[in-house]
Each structure stands twice: as structure tokens, then as C-alpha cells.
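Commentary on secondary and tertiary structure
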Amino acid sequence: MRVAENLSHIRSVIENACERSGRSPSDVTLIAVTKYVSNERAQEAVESGIFHLAENRKEGLLEKRAFIKDKRVTWHLIGTLQTRKVKDVVGKMDYFHALDRLKLANELNKRIKKGTLNCFVEMNISGEESKHGISEDQLVPFIDALAEFEHLRIVGLMTMAPNTEDRDLIRSIFRRLRVLRDKIRDLHLDYAPCTELSMGMSHDYELAVEEGATYIRIGTSLVGDERKG
Ligand SMILES: *Cc1c(COP(=O)(O)O)cnc(C)c1O
């Protein structure tokens, strides 16, 4: 399938979900996750009019960035980042979705020489041990501790729902993230406006939009997965 065809389907799902939940589709930013596809396929996404691209690893980010020269693209790093790799990606991403520890925050802050990096704090709401992210009860102390990092701007919270068919469970996790987002937003911290919600992937973005997602990260159903066959 052409990216454009997948895109038109996804856009209509987003519009309907917005309609049902009294939201505006313009408040939902679609990010194409290109980690399982070639540079050329990522380029096709850009040509279809998607100007937000994401990779989950440093290597993928640097490779796609070097190939896609379009200045309109906003680059997102959505996967966990090892501290020793921070120096390679600073200045190469516009948004980082996986801030989950102070050591990493410290290293990012140290390496960024000017301006601020837009960060999402990654939350582990489901409590699955395999997942990255901080737990709910650590959120406020974590946000407090981020105050000293002048180059980090906490734009919102991010989570990944469990891979399950239980729609009610997924919905409850997205809802929980929104409550936490509201809680931090309402503190009115200069360094942590926390207005955004990064949640929803191929199998659950419709629920995420209904629950208030402002950034959705879609790979497989938008650009595909070239690892299979
Ligand atoms: C891979 C990935 C996605 C996209 O997953 P799909 O199911 O292919 O849409 C979204 N968010 C993160 C953090 C990812 O690693």
C-alpha cells in the first residue's frame, strides 16, 4: 500500500475519534515511525505530507536524517537512549519521548549547548517490568528534580500501552496518563508546561485520540514493516 492510502484511512479514523470526543483533528499530530522501513519509504511518507518522523534508536535517526534532507521535517527520538550515546544525537532531534531517568537528563543538559530540547517524560503506567518509564508515584519528585536542567523543556508525558486485546485496559492507561499530564500542567512550571500527551500506536491510536492524545506514533499501519517478508 502507498503511504498516501494508509494516511487517508488513518486521517479518517482520527477525524471520527475527534468527532466522538469533541476534539479538533488539528490538535493531533501524526508522527510516522520509520524504524522498520527503508530510507526511501520514509521519504515517501514525507512526500505524502507527513512532516513528523520518528525513530526509536540513535542509528536509525542519524541514517534517516542524513538521507532525508527536507528542512520541513521535525525529528522525534521515541526510544530509550543510553547515556553514552547522548553526544551523538544532541542537535539531531527536535523531540525526545523517552526521558525516564535523571542521569540521562543530566547528560542531555550537559551536552546541549544552546536552546532547549523538547522532552516527554516516559511513564510506565501498566507496571509491566519489561517496559521503560517511571512509575506514577515517582512522577512529581522526578519533575521537581528536572528543574535544574535549563536546556530541557518538559512538554508532556508519553506512554506505551500493553500489547493486549483488552480495550478497556488500554483506555484506562491512556486516561491515567491524561490525569497525570493535567496534574503536572496545573503546577504551571516554566520548564515543564506539560501540555502534550504522546500516546497511541498502530493498534491503539483510535482509543488514544479519544482519550486526548496530542501526538500519536504510528509505524506499521502507516509506513509498514519491511522486516516481514
Ligand atoms: C515502534 C514504536 C511505535 C510504532 O509502533 P507500531 O505498532 O508499528 O505503530 C510507537 N512508539 C514507540 C515508542 C515505538 O518504539
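Quick look at the structure, then. (Residues numbered from 1 in each chain as written. Predicted model: local features only at pLDDT ≥ 70, side-chain atom pairs only at ≥ 80, totals over all residues. Heavy atoms only, no water.)

**Remarks on the packing of helix α2 (residues 39-47) against helix α3 (residues 58-67)**
Packing of α2 against α3 brings their axes to within 10 Å, and their N-to-C directions diverge by 65 degrees. The handedness of the crossing between α2 and α3 comes out as right-handed. Here α2 contributes Asn39, Glu40, Ala42 and Gln43 to the contact with α3, which in turn contributes Glu63, Lys64 and Phe67. Looking at side-chain class alone, the contact of α2 with α3 contains 2 nonpolar, 2 polar and 3 charged residues. (Axes fitted to C-alpha atoms, helices over the stretch in contact; angles between N-to-C directions. Helix = DSSP H or I, 4+ residues; strand = E, 2+ residues; numbered from the N terminus. Left-handed = near helix turned anticlockwise from the far one by under 90°. Contact = heavy atoms within 4.5 Å. Nonpolar A, V, L, I, M, F, W, Y, C, P; charged D, E, K, R; others polar.)

**Some thoughts on the pairing of strand β6 (residues 152-159)**
β6 sits mainly inside the fold: 7 of its 8 residues count as buried. When strand β5 (residues 117-123) meets β6, the two strands line up parallel, connected through 7 bridges. Across the sheet, Leu117 pairs through a bridge with Leu152, a residue of β6. The β-α-β motif built from β5, the intervening helix α6 (residues 139-145) and the parallel element β6 has right-handed crossover chirality. Both β6 and strand β7 (residues 196-198) contribute to a ladder of 3 bridges, which runs parallel. Looking at the pairing, Leu157 lines up with Leu197 of β7. Regarding topology, helix α7 (residues 167-185) serves as the crossover connection from β6 to the parallel β7, and that connection is right-handed. (Buried < 20%, exposed > 50% of the residue type's maximum accessible area, 1.4 Å probe, protein only. Pairing = 2+ DSSP bridges. Right-handed = clockwise from strand over helix to strand, strands pointing away.)

**Considering the state of the cysteines**
Linking two cysteines covalently through their sulfur atoms gives a disulfide. Within this structure, the stated rule accounts for 0 disulfides. Note on Cys18: no disulfide assigned, nearest cysteine sulfur contributed by Cys194 at a separation of 20 Å. Looking at the unpaired Cys119, the closest cysteine sulfur is the one in Cys194, lying at 12 Å. (Disulfide = S-S within 2.5 Å.)

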